[in-house]
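# Structure assessment
The lines below spell out each chain.
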Amino acid sequence: MMLQAHLFSLCLLILYLTTGYGQEGKFSGPLKPMKLSIFEGQEPSQIIFQFKVNSPAVSFELTGETDNTFKIEPDGLLYLIKPLDRETRSIYNLQVAALDAHGAIVEGPVPVTIEVKDINDNRPTFLQPKYEGSVRQNSRPGKPFMYVNATDLDDPATLNGQLFYEIVIQLPKINDVMYFQINNKTGAISLTRQGSQELDPTKNPSYSLVVSVKDMGGQTENSFSDSTSVDITVMENIWKAPQPVEIVENSTDPHPIRITQVQWNDPGAQYSLFEKEKRPTFPFSIDQEGYIYVTQPLDREEKDSYVFYALAKDEHGKPLSYPLEIRVKVKDINDNPPTCPSKVTVFEVQENEILGSNIGTLSARDMDEENTVNSILEYRIVAQTPQIPMDGLFLVQTYSGVFQLAKRSLKKQDTPHYNLTVQVSDKDFKTLCAVQINVIDINDQIPIFRKSDYGNLTIPENTKIGSIILTIQATDADEPFTGSSKILYRITQGDSEGRLGVDTDPHTNAGYVTVKKPLDFETAAVSNIIFKAENPEPLVPGVAYNASSFAKFTLIVTNVNEAPVFSQYVFQARVSEDVATGTKVGNVTAKDPEGLDIRYSLRGDTRGWLKIDPVTGEIFSAAPLDREAESVYRVKVVATEVGTHARLSTKHTNFEEGVYDIPIRINDGGRPPLEGTVSLPVTFCTCVEGRCFRPAARLPGIPAMGTAVGILLTTLLVIGIILAVVFIRMKTNKGKDNVQSARASEVQPLRS
C-alpha cells in the first residue's frame, strides 16, 4: 500500500510539473486563507493548489465540505477526485491544516474556499413548447403584445447563460416581408412597421412563428439553442362579420362548443343572435364576450348550412350598428349508406346487341355530401339469375354504374329477362340493389312525326319557367313500351342557349315543349327550332333516322317592358355632418333591360338634406346635415325609364280631308322641368287598300269638297222633292181621267 501511495504521489508530481502547476506563486504557496476557482467538468486528479510549510510540519489534513470530491497529499497537493458540477454546487468551504510527524496540528487550520466556475454545459429551454398570442390590426410597431421566455442553468453572469432570441420562420410570409419582430434579449414580440401597415385579418387571420433562443449571447457557433412555435391571431378593431365557419356534423364533443367571435370596438356591448328564417330550434348562442357557440350536434342531411345575424346593442338596448351575417357550413361525415334508385331497376337490351354495348346506368344515391369520399360509390355484380346460357353475361363499370354486355349476344328464346344483384358501396357502407334486364326485339323502326311543321308560336318573353308551350307527337312501330319504341325528343337547332326542353309522356310518347330558361326578346326574338325524335335503343344496322324523324316550328318572342335594375340593392355612404352644401356624398346606378335611358329621383327625403342628378345618379347634400337629429339617414332612389314615344288618337271621325297641324308640348321630370313644343302635321284622307287619296287643291271661288258635297246633296234633295210632287200629281190626274172615261162608257149604250 505504501508503494502504491508513493507511485500515486509521483504521478501527481509529474502532472503538477507538466501542467505548470509547479510555478512558484501561481499554483503553490504558503498555508494561508485562500479563495480558489476551478472550472466544472474537469477530469479527476486535476491539481488545484500545493501548500508549502516549514518544519516540523510533515503532512496536511483536509476537512470541511469535501463531498468526497477533494483530497490533499502529504506534500500539500490539493486535487480533485471527481468532476465538479456548478449547477449541483457552486461553492465548497474547506479547511487545511499542517501536521507534524505525530499528527498534531502545527499550523492552521486555514479556510480555503473553492469556487466552481461555469462552463457552457446546459442548453437553453423555453418555458412552453408552444405559445399563443393575439395582436390587433394596425397596432403600434415596436409595442410588445406578447413574450416568450427561456431559461439556462448556466451562470447568467457569463456568456454561457446570456440568451439571444430570434424569429427564424414566419408563416405565411407575404412578399418576403417580416410582419413580426422580437427583442433578442427580452423575448418581447411586436409588429414591424410593415406589419402594422399590412396586417389584414380578412386575408390572413393567423400567423405561425418559429422562435429560437441561443446561449453565449448568440455569438458563437458553439452555442446551444432551442426553438418553440408561436401562434398569433390577428384581431380586428372594427365591427365586421367573421369568416364562414365549418362544423362537423353529429359531433360527440361536449356542447356548447365555441366556433367564432364577433367584437364591437368598445367594451360593454350587449350581444345577441337572431336568425333570418324562423325554425323550431336555433342551435347557436352568444356570450357577452362576443363568442358564438353551437349548442347541440348538427345534421348536414337535415340542414347543410345556417345563416344568422349577430347584433351589438348599447346599455339602453339600442343597436350600435348594422347586424353582422354569420355563416355556418355543416361539414359532412359518412353517416348514410347508399340507397337504390328504385325497388327494381329495369334495363332493356336487344337480341342482337354487340359486346360492350351500353345497356343502362344504375344511379344509386348517397345522402352524404356530393363530390366527397363519403359519397363516392362503387358498383359490383354479385349474382345473376338465370345463369343461362352462362354466368357473367353482364358487367358494370365500378364507379359509373354503367352496365355492358360482357360475353355474347342474347336471345329472347333463352330467357326473356335476367335478374342481377348489384352491391353498391361507399367507404363504410354496403347496399344490395336489384336490376332486371329485359331482352327485347330488335329496333328496326324509326320514329315518324305526324306533321313536320308546327308553324309559328308567339309567346311573351316573361313566360314562366316550366310552362308547356307546344305539344309534338311522333309514333314508332316497334314493340310497345320498350326501348325500341320509346321516343326521346331532342332540339338539334335553334336553341344553343338551352332555353327550351322536351319531356316525353311515357304512355303516349307525346312531347311537351317547356320553357327551361328565361326567354329574352332583346337577344332572340325569332328562333327556328328543329326537333329530332329518336329511340334510347340503337337502331339495327342498315336502318337510319331520316327526315321523317325531324320536325320544326318558329318561336316568336314578344317584348315585355321590364323595369330598370339597380347594380346593388343597398347603397351606403359615410359623410361628416359639417360638409358643405352641394358636396357629393354618393352615386347610384341602374340599367334598363331594353336599353332605355334612366332618370333618377329621390323618395323619402323628409328632411330635404339630399338632391340627386336625374341623369347621372350622383347624390349631393342639399342642406346642412345634423348627426344628432339622425345618425343614419335613409332615402329611396327611384329609377324610371325615359318616355321615348307617345300615341296620338282621334276622339271622333268627322274630319274633313286635309292636313292638320297639331301642337304637342313635351316636358321632362327635372326640377324644375324643362319643356318644348313641336308641331306635328297629320293628314286625313280616304284610304283604299292601304293607299291614301288626298283631295286636289281648291281654286278660288270653288267651294271645298265638303261644301260641294253639301250643295250637291241639297240640289238632289230638291230635285227629288219636285219629281215626287209631279209624280203624285200625274197619278192623281190619271185617276180622274179613268173615272171620267168609265162614266162616259156607261152613258154611251143608253144613247144607242
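A few words on the layout of surface pockets. For the largest pocket, the calculated volume is near 2000 Å³. For the largest pocket, the lining is made up of 40 residues, of which Gln572, Ala573, Val632, Tyr633 and Arg634 are closest to its centre. Elements represented by at least two residues in the lining of the largest pocket include exactly β41 (584–587) and β46 (636–641). By residue class, the composition of the lining of the largest pocket is 22 nonpolar, eight polar and ten charged. Reported here for the second largest pocket is a volume of approximately 660 Å³. Along the wall of the second largest pocket there are 21 residues; nearest its centre are Thr233, Val234, Pro242, Thr260 and Gln261.

Spatial ordering of the open sheet is given by β10-β17-β16-β13, a layout of four strands whose pairing is mixed. On the outer flanks of this sheet lie β10 (130–136) and β13 (164–171), each paired with one strand and no other. For this sheet, the mean angle separating the axes of adjacent strands, direction not counted, is 30°. As paired elements, strand β16 (residues 206–214) and strand β17 (residues 225–235) share nine bridges and run antiparallel to each other. For Val211, the partnering residue across the bridge sits in β17 and is Thr228.

So, about unusual backbone geometry. Note that the residue after Ser55, namely Pro56, is joined by a cis bond; omega there is 20°. Among the secondary structure elements, Pro56 is positioned in the loop between β3 (47–52) and β4 (59–64). The linkage connecting Thr385 with the following residue, Pro386, adopts the cis geometry, with an omega of -5°. Along the chain, Pro386 turns up in the loop between β27 (378–385) and β28 (394–396). Look at Ser45: it is not a glycine, yet its phi comes out positive at around 70°. Within the secondary structure, Ser45 sits in the loop between β2 (34–39) and β3.

Moving on: the side chain of Ser251. Its place among the elements puts Ser251 in the loop between β18 (245–248) and β19 (257–261). Looking at Ser251, the relative accessible area reads 18%, which means it is buried. A polar contact is formed between the side chain of Ser251 and the backbone nitrogen of Asp253, at a distance of 3.2 Å.

What follows covers the environment of Thr88. Following the sequence through the fold, Thr88 ends up in the loop between β6 (77–80) and β7 (91–99). Exposure remark for Thr88: the relative accessible area of 66% places this residue in the exposed category. In this structure the side chain of Thr88 is engaged in a polar contact, spanning 2.8 Å, whose partner is the side chain of Asp85.

Further remarks concern the pattern of salt bridges. Under the defined criterion, the tally for this structure stands at 22 salt bridges. What emerges from the salt-bridge pattern is a single network uniting Glu65, Asp67 and Arg89.

What follows concerns empty space enclosed by the protein. This structure, assessed with the given rule, holds one cavity of 30 Å³ or more. Estimates place the volume of the largest cavity at around 30 Å³. The residue makeup of the lining of the largest cavity, split by class, is three nonpolar, no polar and four charged.

Strands sit in the order β19-β22-β21 across an open sheet of three strands; the sheet is antiparallel. A strand with exactly one partner marks an edge of an open sheet, and here the two such strands are β19 and β21 (284–286). Adjacent strand axes in the sheet meet at a mean angle of 30°, parallel and antiparallel pairs treated alike. Of the strand pairs in this sheet, β19 and strand β22 (residues 291–294) are connected by four bridges, and their pairing is antiparallel. Across the sheet, the residue bridging to Ile257 is Val294, located in β22.

Before going further, it helps to spend a moment on the packing of aromatic side chains. Evaluated as defined, the whole model comprises 20 aromatic pairs. Ring centres of Phe274 and Tyr309 lie 5.4 Å apart, and the angle between their planes is 20°; on these two criteria the pair is classed as stacked. Taken together, the positions of Phe274 in strand β20 (residues 270–275) and Tyr309 in strand β23 (residues 305–313) put the pair 35 residues apart, joining distant regions of the chain. Judged by its relative accessible area of 32%, Phe274 falls in the partly exposed class. Ring centres 5.3 Å apart and planes at 75° place the aromatic pair Phe284 and Tyr306 in the edge-to-face group. Note that Phe284 is positioned in strand β21 and Tyr306 in strand β23, a separation of 22 residues in sequence.

Okay, the confidence of the model for the protein next. Averaged over the protein, the pLDDT score is 84; the fraction of residues at 70 or greater is 86%. Mean pLDDT values for the elements of the protein range from 42 in helix α3 (residues 705–751) up to 97 in strand β14 (residues 180–182). In the model, residues 1–25 has pLDDT below 50 throughout and makes 25 contacts with residues more than four positions away in sequence or in other chains. Low pLDDT, under 50, characterises residues 696–709; the stretch is placed with six contacts to residues that sit more than four places away or in other chains.

Turning to the side chain of Asp426, a few remarks are in order. By the element assignment, Asp426 lies in the loop between β30 (417–425) and β31 (430–440). A polar contact is formed between the side chain of Asp426 and the backbone nitrogen of Asp428, at a distance of 2.9 Å. In terms of polar contacts, Asp426 uses its side chain to reach the backbone amide nitrogen of Phe429, at 2.5 Å. Not counting the four nearest positions on each side in its chain, Asp426 is found in contact with Asn334, Asn336, Pro337, Pro338, Asp366, Asp368, Asn374, Ile376 and Leu377.

A separate point is a nonpolar patch on the surface. A grouping of Val168, Ile169 and Leu171 is seen on the molecular surface, where their side chains present a nonpolar patch of about 260 Å² in accessible area. Along the polypeptide, Ile169 turns up in strand β13. Using a relative accessible area of 37% as the deciding quantity, one classes Ile169 as partly exposed.

Procedures and definitions
Residues numbered from 1 in each chain as written. Predicted model: local features only at pLDDT ≥ 70, side-chain atom pairs only at ≥ 80, totals over all residues. Heavy atoms only, no water. 1 Å grid on protein atoms, 1.4 Å probe; cavity = no way out; pocket = protein on both sides within 12 Å on 5 of 7 lines; lining within 4 Å. Points joined across faces, edges and corners; volume = space filled by probe spheres on them. Helix = DSSP H or I, 4+ residues; strand = E, 2+ residues; numbered from the N terminus. Nonpolar A, V, L, I, M, F, W, Y, C, P; charged D, E, K, R; others polar. Pairing = 2+ DSSP bridges. Axes fitted to C-alpha atoms, helices over the stretch in contact; angles between N-to-C directions. Buried < 20%, exposed > 50% of the residue type's maximum accessible area, 1.4 Å probe, protein only. Polar contact = N/O pair within 3.5 Å; in protein donor to acceptor, adjacent residues only side chain to side chain. Salt bridge = Lys/Arg side-chain N within 4 Å of Asp/Glu carboxyl O. Phe/Tyr/Trp six-rings, centres within 6.5 Å; stacked < 30°, edge-to-face > 60°. pLDDT = per-residue confidence, 0-100. Contact = heavy atoms within 4.5 Å. Patch = residues over 30% accessible without salt bridge, like charges linked within 9 Å, V, L, I, M, F, W, Y side chains within 5 Å. Areas by Shrake-Rupley, 256 points an atom, 1.4 Å probe, with all protein chains shown as cover.

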